[in-house]
Structure formats: structure tokens, C-alpha cells
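Descriptive analysis of the structure
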Amino acid sequence: MNIEEMQARQKHIRNFSIVAHIDHGKSTISDRILEATHTVTEREMQDQLLDTMELERERGITIKMNAVEVHYHAKDGENYIFHLVDTPGHVDFSYEVSRSLAAADGAILVVDAAQGVEAQTLANVYLAIENDLEILPVINKIDLPAADPEAVRTEIEDVIGIDASDAVLASAKKGVGIPELLEKIVTDVPAPQGDLDAPLQALIFDSAYDSYRGVILTVRVMSGVLRPGEKIKFMNSGAEYEVTEVGVNSPMPIKRELLMAGDIGYVAASIKNIRDARPGDTLTHVKQPAAEPLPGYQPMTPMVYSGLYPTDNAKYNDLRDALEKLQLNDASLEFEPETSQALGFGFRTGFLGLLHMDVIQERLEREFDLDLITTAPSVTYHAYTTDGEMVEVSNPSELPEVSEIKYIEEPFVLAQIMVPNDYVGAVMELAQSKRGEFDTMDYLDANRVNVKYYMPLSEIIFDFFDKLKSNTRGYASLDYELSGYRQSELVKIDILLNNEKVDALSFIVHRDFAQERSRVITKKLKEIIPRRNFEIPVQAAVGSKIVARSTIKAYRKDVTSRIHTGDPDRRAKLLDKQKRGKKRMKAVGTVEVPQEAFMAVLKSDEE
Ligand SMILES: Nc1nc2c(ncn2[C@@H]2O[C@H](COP(=O)(O)OP(=O)(O)OP(=O)(O)O)[C@@H](O)[C@H]2O)c(=O)[nH]1
């Protein structure tokens, strides 16, 4: 391709992302775009094609963004190249959203015609606005009986403050509105700028490990041209490699002769050291390098930490390798080694939220075949000691002795809850019971309000979201951002099994809730921990004072022996189940503690 051809091609590129609140239909719209542009044949088409991760399909959610090249023949007779970057909608994955937005020039904003603007609609569209993206509103699901597109149009204008007079009315499910949307992408999303003659600058916005080809980078080329055979340099890490292959995903990888300014595609360079190739870094040529790297990403601060331990101690190194590989693919994941008396060697791992934690744990188990024990998630506390120091505590068992602590601070968030009028009372009652402090309340329209509360992050993690959903029959949506640290009356609860303190079960809680949560957890542990042929006391203690207790009775009868006479099929199944269940158990002293026990602290009483 010569320079004129490249210039002509650049004018026909459209890079865009899709942002929305969870379940408003992003993935379905992406699928329809792939179909309508014949990127995939109907036979290849399966629901949620871009959600390639097995886990994403099972749960019906998007976790990782995906960048796909699509070709579109427009009404003006020209052929256009679309690069579509799908993004997740869940609050835990907003990091992925902001990364993908940095690669795009426009954003399709999908709003459900029956639900209207929700908490993450706002959060995500503001990220897009901050990134200077052209916003194309789409009101989706107009086929639903409860759809009220006109009300939603007004809401988009009033609440978000963007023009929605020509918003596309769509039903992704029925394929309605997709042709209009494709035309709008051509006319409204600006073609990428970017000097083809300038030194290479390519923003790495994602990377994944491939055991044959090494690290595969997903990049947005901002200036210059990149070809196979060229020597490249990572501007922040300083590492140098030779490019072996460039190409695009469409959605399967297709090799290309080059990637040019404006393109989104992949780069392979036999990169073996995953630390060399971090998302946010800038690629340039070794010869004629760019003067400076592109602004990278703000590092994300994890919201919660938990301990990850292999059930089999010999797998410690495998766990570290797996975490390193996942980190490459998920820059928001953070980990460092830690030791637990009860669980041995493992890693204190930081996550953006509980869903993120769940996803990482499942990916470690499925993709890397590891069996893990995960300890209860904890926020990071600031403990100020009597000798004037501040200790960051993300592992409750590491909280200094009470006598050494002057005071403790905990992270607070400003939570934004959007909810129909009828449920405002229920929301306020709940927020107040979780130590929330009222901030403001605004009307979104005649029937819905946006209530803001300052809340301890630990309470949000505990069960706030579940309770919010159940107390509002699923109508409330929640978004939150850290607002800072506040001093609180916090205490550490230790759990003793058979009179031995189990460090991995310690947790920190507000003094007012200490008694109640200790009672609940000792009761839960009694149900969860398998009986032995001796009695096991389960105690919760604050310092040396026991505040709650239960007893796991010794078993008398050999229950398993009765199964021997039963249906052999059933017995085999039972044994198999036991065997699988066993893996996720850890012997702590003389007691076998199953995975579930470490999460018992997250359970509230009614469950
Ligand atoms: N009735 C109706 N349902 C739709 C429409 N578009 C999507 N849905 C359904 O809404 C649900 C959510 O759609 P998704 O496309 O998975 O939503 P998403 O926004 O990608 O969700 P995440 O990937 O989890 O962030 C699915 O059950 C879809 O079948 C539509 O136009 N009409």
C-alpha cells in the first residue's frame, strides 16, 4: 500500500465503542452489526459472538472487551472499515471500559427503552465524554411492551445532557434500527486523525498470552505505520522485539501487511516476557522512535483484597505463573505473596469488586486447572498506631494489636442509586442501616430519583447490592466511586476452631455490628464445617474476649456405610461429588475447612 492509498483508507476508518448499563443490549447490538455486515455467515453466528470467554457465555455477561474489524458498504457507495470495541457494563469492569474508550473515536450509547438511563449508563457515558468521543445514542428494545422511547429520549437529554433528538430507535433482538445505526456510524463518528508519516506511536490497550506465539498485543495505532519484520520498542518498559505478525480480528485473526495510523489490530513479536508488554504502554520503532510515549492509563486501585491459596501447597508456583498471565490480560489485577498460618503460601490479591474476584477465581480454576481457597474479601483499612505511623491493612489478620492502635480509618464511597419513587423509602432505610450518610436526592423524571449516599465500601461489598436489588424488586441500579477515608469504630473479629485461631478467617467490622455478625458466622461455620469424631468448638473473639460461640457435634453413626447398599449409580455419583468437593478443602489443624467457610463472613443472617 502506498501513502495515497493509506490516506484514502484512513478516511474510511471508523473506530467506535459501545457503552451501556448492564443488560441494555450491547452484545446483541454488536452481534447484529456483525451479521448485517456479513462479517460472519449466519451459520457461524451464535448469540453473543464477541463474548468468547466460556465464562462470559455461561453468565451472559461481557467481561473482556473485544476489538473486531467489520466492513460496511454504505449508501454513499463507499466501503468503510469499522473497528468495533465491545465493552463490559458491570461496575467492576469500568477499567476495561475506559481502556477501550481510549482507542475509539466515537461511542454508541445504548439505553434500554423500558428501563431508561441507569447508574452505569451515566458512569460509562461520562467516561466517553471525558475521552472526547462523539456519542451516538441508541434507544434499544423498542419491541418491549413497556418500552417508552420518547420518555427515554427526554431522559437522555435531561439527565446526561446530550442531544438525543435523532437517537436511533432499535430493537437489536428483531434487527430493527440496525441499518440506520450503520449509516450513522459513517456520518457521525469522525475518521481517525493521525499522521501516517510521523514516527510510530501505538497504544497497547489489551494483551493476551498465547502459548505458541507469546504475548499478543491489541493496539490502536495513533501515528505512523507498523509492518512485520520491523524492530519495535516498548517506550515505558524499554524492551525491544521484532514484529512477526500484524493483523485484525474479524472476528477470527486475519494477517495484514501493515497496521497504520487509525487502525486497531493485533501485533505478535514472540514476546515471551509478559512483564515487557503492559497495556497502557506505547509501541514505537527502534529506528526513528517517537519523541515520547502516549499518555498511558491511570493505574486502578483495587477496591477489595482477598487471599488466594492453592489447596495443594505444591502448586504455589503454578498459581503465581497463572496470576502473571491473567494480569497481562487484566491490568487491574494486583497480587503479592503472603503467608497464612492456616493456609500456607499464597497471594494477597486485589480486585475491582466481588464480580471481578469471582471471575478471576473461576478463570484460575478453569484455564489453569488450579484448585483454590479464597479468603473473604476485605477493603484496605488505615490503622494509625500510637507511635504515629499509618499501616495499610488489606488482610484483617495483620491489623496491629488493639493496644497499639490510636484509631482506624476505612474507605467510603459516594453511592449513586437510581430508583423509582415508590422505592425511595426502602432505599433510604437500607442505606441508613448500612451506616450510610445521606448526600442528595434529584428527580430524573416524574417517577424516578437519583439518591446519593456516602457509604462505607465494606458495607457495599458485604451485601448492600443484593439487598438493594431485593428491596426494590430489581428496579434500583447502583454505581459508586471512592470518596475518601473516614475514621470509624472498627474491631477485628478472630475465629477459633477447636480453640485454635484461624488467621485466614479473621475479619474487621464496625463495633455496632460485631456481636451480630459474630453470632451469624459462628452459626454458619457450624453448618458448613464437616463433623469429626470429636466435638469442635467454633468461637468468635474480639481480642481475648469470646463474643459468640457454637459447637460442631461429634458424629456418632458412620453415614457413608449405609450408602454401600444403595443404588451403585448413585453411590458413584456421590463419591465423585465428594471427591470434587474435597479438593476445595483445607486441613486447618485437626479440622477440615471447606472453601465456603471462608466466605461465610459475607453471609447475612437470612440466608
Ligand atoms: N426484547 C428485547 N430484548 C433484547 C433486545 N436487545 C437485547 N435484548 C436482550 O437483553 C438481554 C441483555 O442483552 P445483552 O446484549 O447481553 O446485554 P449487554 O448490555 O451486552 O450486557 P452485558 O454484556 O452483560 O454488559 C439479553 O437477554 C438479550 O436477548 C431487544 O431489542 N429487545
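The rules behind the values
Residues numbered from 1 in each chain as written. Predicted model: local features only at pLDDT ≥ 70, side-chain atom pairs only at ≥ 80, totals over all residues. UniProt positions renumbered as here; feature names shortened; annotations may be inferred. Helix = DSSP H or I, 4+ residues; strand = E, 2+ residues; numbered from the N terminus. Contact = placed C-beta atoms within 7 Å. Buried ≥ 20, exposed ≤ 12 C-beta atoms within 10 Å, placed from the backbone. Pairing = 2+ DSSP bridges. Axes fitted to C-alpha atoms, helices over the stretch in contact; angles between N-to-C directions. Arc of directions from axis to C-beta. Domains from an automatic or database assignment.

What follows is about the UniProt feature "binding site: GTP" (unreviewed entry) in the chain. Feature annotation in UniProt places "binding site: GTP" (unreviewed entry) on Asp 23, His 24, Gly 25, Lys 26, Ser 27, Thr 28, Asn 140, Lys 141, Ile 142 and Asp 143, given in this structure's numbering. Along the chain, the position of His 24 falls in the loop between β1 (13–20) and α2 (26–36). Other than its neighbours up to four places away in sequence, His 24 contacts Val 110, Val 111, Asp 112, Gln 115 and Asn 140. Within the secondary structure layout, Lys 141 lies in the loop between β5 (134–140) and α6 (149–160).

For residues besides glycine, phi is generally negative; the peptide bonds are generally trans as well. At Asp 132, a position not held by glycine, the phi torsion is positive, near 65°. Among the structural elements, Asp 132 can be located in the loop between α5 (119–130) and β5. Look at Asp 132 and you get exposed, because 9 C-beta atoms sit within 10 Å.

Taking strand neighbours across the sheet as the criterion, the four strands line up as β18-β19-β17-β20 in an open arrangement whose pairing is antiparallel. Every interior strand has two partners, whereas the edge strands, β18 (334–340) and β20 (372–374), have only one. The mean inter-strand angle of the sheet, taken between neighbouring strand axes irrespective of direction, is 30°. Pairing of strand β17 (residues 304–310) with strand β19 (residues 344–351), which is carried by five bridges, proceeds in the antiparallel orientation. From the neighbouring strand, Leu 308 faces β19, where its bridge partner is Phe 347. Taken strand by strand, helix α9 (residues 354–367) contacts β17, β19 and β20, and its axis lies near 165° from that of β20.

Take helix α7 (residues 178–188) next. Where α7 is concerned, the buried positions are Ile 178, Leu 181, Leu 182 and Ile 185. The arc that holds every buried residue of α7, seen down its axis, measures 100°, which confines them to one face. Opposite the buried face of α7, by more than 90 degrees, sit the exposed residues Pro 179 and Thr 187.

The subject of this paragraph is the domain arrangement of the chain. Each assigned domain of the chain is listed here: domain 1 (3–188), domain 2 (201–285), domain 3 (304–375), domain 4 (382–488) and domain 5 (492–603). Put simply, the middle of domain 2 and the middle of domain 4, counted by C-alpha atoms, are 41 Å apart.

What follows covers the sheet that holds strand β16 (residues 282–285). The strand order β11-β10-β16-β7-β8-β15-β12-β13 describes an open sheet built from eight strands, whose pairing is antiparallel. Of all strands in the sheet, those bounded by a partner on one side alone are β11 (240–242) and β13 (253–256). Geometrically, the sheet is characterised by an average inter-axis angle of 40° between neighbouring strands, direction not taken into account. Summarising the sheet, strand β12 (residues 245–249) and strand β15 (residues 264–268) pair through three bridges and their orientation is antiparallel. Residue pairing across strands places Glu 245 opposite Ala 268, the latter belonging to β15.

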